[in-house]
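# Fold and geometry: a report
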Amino acid sequence: MKFAIVFACFFAAAIAAPVGDGEAEILRYDSDNIGTGEYNWNFETTNGIKGEESGHLVPSQSEAGESISVKGSFSFVADDGQTYTVTYIADENGFQPEGHHLPIA
């Protein structure tokens, strides 16, 4: 009987334990490559990580040809228990992240 109680306690603790990054599973993943130079994707995992992005080709006036313009965001739960979110744009002006926790240049 004592064994059953101890086993039940360990089992309950294992179920209640937070999911680490190594054990995280994908809850949702969608991806669409439209084929016209546009795409988008998004995902969510069991440990609270989320991400989404969309992009499209932009004609260029220079010899470099086309470039790509991207918008997206990702969020994660840090060791301090807070959820941090970064939104970003990446285009001909480079990678431009924004987040409440990021310093402003």
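Residues numbered from 1 in each chain as written. Predicted model: local features only at pLDDT ≥ 70, side-chain atom pairs only at ≥ 80, totals over all residues. Heavy atoms only, no water.

Within the fold, Thr45 resides in strand S2 (residues 38-45). If sequence neighbours within four positions are ignored, Thr45 has contacts with Ala24, Glu25, Ile26 and Leu27. (Helix = DSSP H or I, 4+ residues; strand = E, 2+ residues; numbered from the N terminus. Contact = heavy atoms within 4.5 Å.)

What follows deals with the confidence of the model for the chain. Taken residue by residue, the chain gives an average pLDDT of 81. The fraction at 70 or more is 79%. Across the chain, the secondary-structure element scoring lowest on mean pLDDT is helix H1 (residues 2-16), at 41, and the one scoring highest is S2, at 96. In the predicted structure, residues 1-17 sits below a pLDDT of 50 and forms 0 contacts with residues beyond four places in sequence or in another chain. (pLDDT = per-residue confidence, 0-100.)

One pass over the full model with this rule turns up 1 salt bridge. Where Glu44 meets Arg28, a salt bridge forms, and the shortest distance between an N and an O atom there is 3.4 Å. Of the two residues, Glu44 is situated in strand S2 and Arg28 in strand S1 (residues 26-33); the sequence distance between them amounts to 16 residues. (Salt bridge = Lys/Arg side-chain N within 4 Å of Asp/Glu carboxyl O.)

Below, the discussion takes up the pairing of strand S6 (residues 94-98). Across 5 bridges, the pairing between strand S5 (residues 83-91) and S6 is antiparallel. Within the sheet, the bridge partner assigned to Asp91 lies in S6 and is Gly94. Here S5 folds back onto S6, and the loop between the two strands holds 2 residues. (Pairing = 2+ DSSP bridges.)

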